[in-house]
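# Report on the structure
This is what each chain is made of:
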Amino acid sequence: MQSGSNAFLEALRAIAPAAVPDWVLMVTAAVIGFAIALGLISVAALFFVWLERKVAGHIQCRYGPMYAGGWHGWAQSLADGVKLMLKEDLVPRDADRALFIFAPGLVLAAILGAMAAYPLAPAVFFGQFSLGVFFIVAMSSMTTIGVVMAGWASNSKWTTYGAMREAAQVVAYEIPLGLSLLVPVMAAGTLDLRAASAMQSGLWGMDWLIMPWNNPFMLPAGVLFLVAALAETKRAPFDLPEAESELVAGFMTEYSGIRWSFFFMEEYAAMFLMSAVGAVFFLGGFESPLTHLAAQIGGTELFVRDAAGTLAFDASAIPYQIVAGLTLLAKTVFGVFLMMWLRWTLPRVRIDQVMTMGYKYLTPLALLCVVGAAAWEAIKHALWS
Amino acid sequence: MSDTHTASGLGGDARVLRSGEREFTLDVRTQDMEINFGPQHPATHGVMRILIRADGELVTGAQPHLGYLHRCAEKIGESVEWLQYLPYTDRYDYLAAMNNNLGYSMAVEAVMGIAIPRRAELIRIICAELNRIGSHLIAVGTYGMDIGAFTPFLYMFREREWMMALFEKICGARLTYSYIRIGGLFNDAPPGWFEEVALFCDTFEAKWPEYYDLLIVNKIFVKRTANVGVIPGRVCLDFGLTGPILRGSGVDWDLRRDMPYSLYGEIWRDGAFQVPVARGEMGTVGDCWDRTWVRMREMQESIRIVRWCLAHIEEGPVMAEIPKILKVPKGEAYVGIENPRGELGHYVVSDGEKMAVRVRVRGPSFCNVAVLEDVLPGALVADAVAIIGSTDIVMGETDR
Amino acid sequence: MDFQGIHDRLRAIGAPGLVGADEPRQGDPKDKKDKGRAGDPFVLVDPQRLTDFLRVCRDDERLCFEMLVDLTATDPAKDQAHLWVNVQLLSLRHRQRLAIKCLLEKAAPRLPTTVPVYRASQWHERECAEMFGITFEGHPDPRNVLLPADWVGHPLRKDYQYPKEYHGISCE
């Protein structure tokens, strides 16, 4: 892997005339990356909305969308998106106008920023992030500010409830989230998603960190991470901030149209990112037997420096990149599917029970996992290296 | 309706700090939040407004406001003929319309002093018990939805669709039947109907454990409902609460067994059904879980009653001989029957004319709502939703 | 116990306010106008002593009416001078019901509240008050329960006039 650059930048460097200064290329690469990230979030949100409705439908013994677009209503979310764009832009008269309009933007901006650390493929990424998962967790926490802002600015008692619950819940579950991520980070030795994924490539691509031979504390940490991720993304059973049947729609009550859809895009993007982090650190990331196979038949780097030092584009690496990217995507989508499955099965936990669980049970358990995993790693290194 | 909003200075003290020569005065005033639960709200089971005073998430006061669905049923009873009033009875507790028809018809029949043909009685009981199942399915399903479990609601509606299809076959309507009439029934059951009811009983009995495992003993559901909204038995008696709320608080009382009407006395003596009374299995007796458990068990008992009726069905007329233009003799009577929500009472006063002098409907939900004023304070806002859902109130019956 | 038994017990313990009883009867064959009365028996009680009467019904061992099932009122006819207050009691222990009727002057329909005896009557009395104009003295919360706070008139009375309009909405 080249350091300090990414596939877009290298591609631009390769094709741009020499007269163009490097900073222009970097800015262009950044803009392209931003556009792709935005596109990724939008498509992901569209797809996940459809998937959620189908999953919900089939769990509830019914079909879900069937008409829009023909085959199983695949165009339903497109239709919904068009409808939302055509809706009236409503700002309640007594709402704090500036904050009301700013909140969904902040929420989406935060999650878009976090998306920058998601690697599309081993060589196609938005930027070099040695802080990887730490950056993702930190950026996605900023969405809480937006949620509280939205709840407060709506000037309604119900939305204030939703906002307060969100703040309390997120603060409570940041700790188990971080601690449970510490376990695979310790085992992988890095916060960088690409590097962590690369070190799980042994055993024909099945040497995932969650496997028992790597560290027995990985599985409990993985489960803890799942629970904490559900709480962070406000998904059932922790969906109190938007508790439909109690608070009408929680902090989103006064939002309609495109602004409301921003919150929903953020929710699905957050689910996507949390699931991606889990997929990389627990489930092997890019690695799978298929990826291993693809690595045998072609190259793995898209841009290679030959003996003279010039960059050349290696087309034989494309299958590997595609397979690796799709593997990570498949694992991420599975994680999201798991979250949806839990949503439609379990009832909602009350806010004080959520806080109790977070502070009194999950945090000590997470600490236990960290200490245990560290001890295991130390013993393993002492005995086998 | 009270429309005053007062800001109560809860914990409002002026604390005086001394710092050297100067005195500082800190005026810390906190304020209870007054929020409107309803009338448009996903969890109030109809149009009801509860003014809740809350200190953060803790409810410190609750005041239900009714009347949004008041349709003057009792006044209308005085201006339409006896039989014409029947469709109005459907519409108070619209989830258990057969039972409403039954209550009204029995009250008028008590004044008239007529006997109902046996076949009519048997089909009446089948319809009333099937409707009880349907009503409890909605009660428990929507309760699950209030708690956040969206899926059992749809499973229960699947069974309810079948029940409504059965009723559609027998009387043409899915929700408001006007089928049980003064003197008997509107018409006889179509051929094959009893076999379909038997099939429904078998299928539903097999599905019951599914609902029980998915929702009722789910750890999260138990945590949300056990020890929440405890109503002691003597409070129930004092407030006149009946039905699953009373049995959920451990009081062993069911009108079908203790003051039998129609053929229930015979069915009880045959040992065909039991009366489920809560024993505080998951928490304190009288909590929300117990009330839900009673409703689930009652569905099972209703199946057994329906099976008994199917086994004893006999041929015969379904309507007693009564004149087309009904003139009920002078007199008055009160008849209370066991509605899915409690004791539904009809008090009718007749002057010997074509129309009633007074039709009084004692709706169980009206009495059940009154207890919310006393039970909600001290609970959390999320618990308020759980408690309101567990009382299973239908606003049509509360407001009439 | 049947109604006779209950009535005898009430008389034996000297229940306050007990005026009499009315049971269903056949019509007088000699008098064509008298067609008799069908339905349920009830006891007649002085409305001013109703609260004490209910307390005795609730506390006496042989009567033991733990539950007030219904408290309502009736306007028998436009030309009659009295309103009825109807109370239905239920005894779970003895499995018996009791129907009580009080006659109230239409000109001054007031009686003490029964809330101290049964909490159930709190809302029932509110409904009677708004529908019939009966005043329950000492009621802890005399607001309208089903009607809006500014409704004019008492709808369930026989001489009730429907309003022409309410807040600008026509009621024709």
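Residues numbered from 1 in each chain as written. Chains lettered and ligands numbered in written order. Predicted model: local features only at pLDDT ≥ 70, side-chain atom pairs only at ≥ 80, totals over all residues. Heavy atoms only, no water.

### A word on the overall build of chain C
The number of helices and strands found in chain C is three helices and 11 strands. Shown N-terminal to C-terminal, the secondary structure of chain C runs as helices and strands in the order α-β-β-β-β-α-β-β-β-β-α-β-β-β. Expressed as lengths along the three principal axes of its C-alpha atoms, the size of chain C is roughly 55 × 45 × 25 Å. Within chain C, buried positions represent 51% of all 172 residues. Each charge sign in chain C was given a centre, from 25 positive and 27 negative side chains, and these centres are 3 Å apart. (Helix = DSSP H or I, 4+ residues; strand = E, 2+ residues; numbered from the N terminus. Buried < 20%, exposed > 50% of the residue type's maximum accessible area, 1.4 Å probe, protein only. Lys, Arg positive; Asp, Glu negative; His and termini not counted. Charge placed at Lys NZ, Arg CZ, Asp CG, Glu CD.)

### Here's the deal with the interface of chain B and chain C
Contact residues are listed per partner, giving 48 residues for chain B and 50 residues for chain C. Both sides together, the interface formed by chain B and chain C hides about 3,900 Å², and carbon and sulfur atoms give 55% of it. The salt bridge partner of C:Glu127 is B:Arg360, with a shortest N-O separation of 3.5 Å. Summed over the shared surface of chain B and chain C, the number is 21 residue pairs in polar contact (both at pLDDT 80 or more). Residue contributions to the side of chain B that touches chain C peak at five residues, all from strand β8 (residues 331-339) of chain B. In terms of residue class, the side of chain B that touches chain C is made up of 23 nonpolar, 10 polar and 15 charged. (Contact = heavy atoms within 4.5 Å. Buried area = accessible area lost by both parts, 1.4 Å probe. Salt bridge = Lys/Arg side-chain N within 4 Å of Asp/Glu carboxyl O. Polar contact = N/O pair within 3.5 Å; in protein donor to acceptor, adjacent residues only side chain to side chain. Nonpolar A, V, L, I, M, F, W, Y, C, P; charged D, E, K, R; others polar.)

### Some remarks on the side chain of B:Glu121
Residue and element names in this part refer to chain B. Structurally, the position occupied by Glu121 is in helix α4 (residues 118-147). At 4.2 Å, Arg124 is the nearest oppositely charged side chain to Glu121, a buried residue that forms no salt bridge. Apart from the residues lying within four places of it in its own chain, the contact partners of Glu121 are Ile116, Ser262 and Leu263.

### Thoughts on the sheet that holds strand β4 (residues 49-55) of chain B
Sheet strands pair by backbone hydrogen bonding; their relative direction is either parallel or antiparallel. Residue and element names in this part refer to chain B. The strand order across the open sheet built from three strands is β3-β4-β5, with neighbouring strands paired in antiparallel fashion. Across the chains shown, the open sheet's two edge strands, defined by having one partner strand only, are β3 (33-37) and β5 (58-65). Neighbour-to-neighbour, the strand axes of this sheet turn through a mean angle of 20°, independent of strand direction. For β3 and β4, the ladder comprises five bridges, and the chain directions are antiparallel. Looking across to β4, one finds that Ile35 is bridged to Ile52. (Pairing = 2+ DSSP bridges. Axes fitted to C-alpha atoms, helices over the stretch in contact; angles between N-to-C directions.)

### Overview of the layout of surface pockets
One number sums up the size of the second largest pocket: a volume of about 410 Å³. The wall of the second largest pocket is formed by 22 residues, among which B:His70, B:Cys72, C:Leu147, C:Pro148 and C:Trp151 lie closest to the centre. Taken together, the elements giving at least two residues each to the lining of the second largest pocket come down to α1 (73-77) of chain B together with α3 (121-132) of chain C. With three residues, the top contributor of residues to the lining of the second largest pocket is α1(B). Along the lines of polarity and charge, the residues of the lining of the second largest pocket split into 16 nonpolar, two polar and four charged. (1 Å grid on protein atoms, 1.4 Å probe; cavity = no way out; pocket = protein on both sides within 12 Å on 5 of 7 lines; lining within 4 Å. Points joined across faces, edges and corners; volume = space filled by probe spheres on them.)

### Here's the deal with unusual backbone geometry
Residue and element names in this part refer to chain C. Phi is positive for Cys64, close to 50°, though the residue is something other than glycine. Position of Cys64 relative to the elements: it lies in the loop between α2 (50-59) and β5 (67-74). With a phi angle near 50°, His167 is a residue other than glycine that sits in the positive phi range. Mapped onto the elements, His167 comes out in the loop between β10 (165-166) and β11 (169-170).

### Some remarks on a nonpolar patch on the surface
All names here are of chain A. Taken together, the side chains of Phe313, Ile318, Ile322, Leu326 and Leu329 present a nonpolar region at the surface, about 450 Å² in accessible area. Sort the elements by how many residues they give to the nonpolar patch and helix α13 (residues 318-345) lands first, with four residues. Locating Leu329 in the fold gives a position in helix α13. The exposure class assigned to Leu329 is partly exposed, which follows from its relative accessible area of 33%. (Patch = residues over 30% accessible without salt bridge, like charges linked within 9 Å, V, L, I, M, F, W, Y side chains within 5 Å. Areas by Shrake-Rupley, 256 points an atom, 1.4 Å probe, with all protein chains shown as cover.)

### Describing the nonpolar core
With 177 residues, the main nonpolar core has B:Leu130, B:Tyr179, B:Trp193, C:Leu89, C:Leu98 and C:Ile100 as its most contacted residues. No other element matches the 13 residues that α4(B) contributes to this core. The two domains that each donate at least three residues to this core are domain 1 (4-65) and domain 2 (73-399) of chain B. Ignoring anything within four residues of it in the chain, the contact list for B:Leu130 reads B:Met163, B:Leu166, B:Phe167, B:Trp193, B:Val197, B:Phe200 and B:Val306. Of all hydrophobic cores here, the second largest spans 103 residues; its members include A:Ala37, A:Tyr118, A:Met252 and A:Val336. (Core = buried A, V, L, I, M, F, W, Y, C linked by side-chain atoms within 4.5 Å. Domains from an automatic or database assignment.)

### Examining the packing of helix α6 (residues 157-188) of chain A against helix α9 (residues 218-232) of chain A
All names here are of chain A. Close contact between α6 and α9 brings their axes to 8 Å; oriented N to C, the two are set at 150°. Considering their axes alone, α6 and α9 lie roughly antiparallel with respect to each other. By crossing handedness, the relation of α6 to α9 is classed as left-handed. Residues Gln169, Val170, Tyr173, Glu174, Pro176, Leu177, Ser180, Leu181, Val183, Pro184 and Ala187 of α6 form the contact with α9, whose participating residues are Met218, Ala221, Leu224, Phe225, Ala228, Ala229, Ala231 and Glu232. Here the residues of the contact of α6 with α9 sort into 15 nonpolar, two polar and two charged. (Parallel < 35°, antiparallel > 145°, perpendicular 65-115°, else oblique. Left-handed = near helix turned anticlockwise from the far one by under 90°.)

### Concerning α2(C)
C:Leu50, C:Thr51, C:Phe53, C:Leu54 and C:Cys57 are the residues of α2(C) that are buried. Down the axis of α2(C), the buried set is contained in an arc of 160°. They therefore lie on one face. (Arc of directions from axis to C-beta.)

### Re the interface of chain A and chain B
Contacts between the two partners involve 24 residues from chain A and, on the opposite side, 33 residues from chain B. Per-residue buried area on chain A facing chain B is highest for A:Tyr161, A:Pro347 and A:Arg350; these three make up 24% of the total on that side. Here chain A is connected to chain B by one salt bridge. Between B:Asp383 and A:Arg350 there is a salt bridge, and its shortest N-O distance comes to 2.7 Å. At the boundary of chain A and chain B, one finds six residue pairs in polar contact (both at pLDDT 80 or more). Secondary-structure elements contributing two or more residues to the side of chain A that touches chain B are α6, α10 (244-247), α13 and α14 (351-384) of chain A. Per-element tally for the side of chain A that touches chain B: the top contributor is α6(A), with four residues.

### A look at the arrangement of the chains
Across the two pairs of chains in contact, the largest number of contacts is found between chains B and C. Across the gap from chain A to chain C, with no contact made, the nearest C-alpha atoms are 25 Å apart.

### Some details on the packing of aromatic side chains
Geometrically, a pair of aromatic rings is defined through the distance of the ring centres and the angle of the planes. This model, assessed by the stated rule, comprises 28 aromatic pairs over all chains. Residues A:Trp260 and A:Phe264 carry aromatic rings whose centres are separated by 4.6 Å and whose planes lie at 40° to one another, so their mutual orientation is tilted. Taken together, the residues A:Trp260 and A:Phe264, both in helix α11 (residues 257-281) and four residues apart, mark about one turn of the helix. By relative accessible area, which is 28% here, A:Trp260 ends up partly exposed. Judged by relative accessible area, which is 18%, A:Phe264 ranks as buried. Counting every residue linked through ring pairs, the aromatic cluster contains A:Phe47, A:Phe48, A:Trp50, A:Trp71, A:Tyr118, A:Trp260, A:Phe264, A:Tyr268 and A:Phe272. Residue placement shows B:Arg257 over the ring face of B:Trp268; its charged tip is 5.4 Å from the ring centre. Note that C:Lys101 overlies the ring of C:Trp84, its terminal NZ or CZ placed 3.2 Å from the centroid. (Phe/Tyr/Trp six-rings, centres within 6.5 Å; stacked < 30°, edge-to-face > 60°. Lys NZ or Arg CZ within 6 Å of the ring centre and 35° of its normal.)

### Side note on the pattern of salt bridges
Residues and elements named next belong to chain B. Here the structure, examined in full by the defined rule, presents 57 salt bridges over all chains. Here Glu129 makes a salt bridge to Arg132, at a shortest N to O gap of 3.2 Å. You can see Glu129 and its partner Arg132 sitting in helix α4, three residues apart, about one turn around the helix. The pair formed by Glu129 and Arg132 is uniform in burial state, with each residue classed as buried. What you see here is one network of salt bridges that share partners, running through Glu129, Arg132, Arg247, Asp254, Arg256, Glu298 and Glu338.

### Observations concerning the domain arrangement of chain B
Residues and elements named next belong to chain B. Partitioning chain B into domains gives domain 1 (4-65) and domain 2 (73-399). Taking only C-alpha atoms, the centre of domain 1 and the centre of domain 2 are 39 Å apart. Counting from both sides, the interface comprises 18 residues of domain 1 and, opposite them, 19 residues of domain 2. Interface area, domain 1 with domain 2, both sides summed: about 1,500 Å², of which 71% is carbon and sulfur. Here domain 1 is connected to domain 2 by zero salt bridges. At the boundary of domain 1 with domain 2, the tally comes to two residue pairs in polar contact (both at pLDDT 80 or more). If you list the elements that add at least two residues to the side of domain 1 that touches domain 2, you get β4 and β5. Of all the elements, β5 adds the most residues to the side of domain 1 that touches domain 2, at seven residues. In the side of domain 1 that touches domain 2, the residues fall into 11 nonpolar, six polar and one charged.

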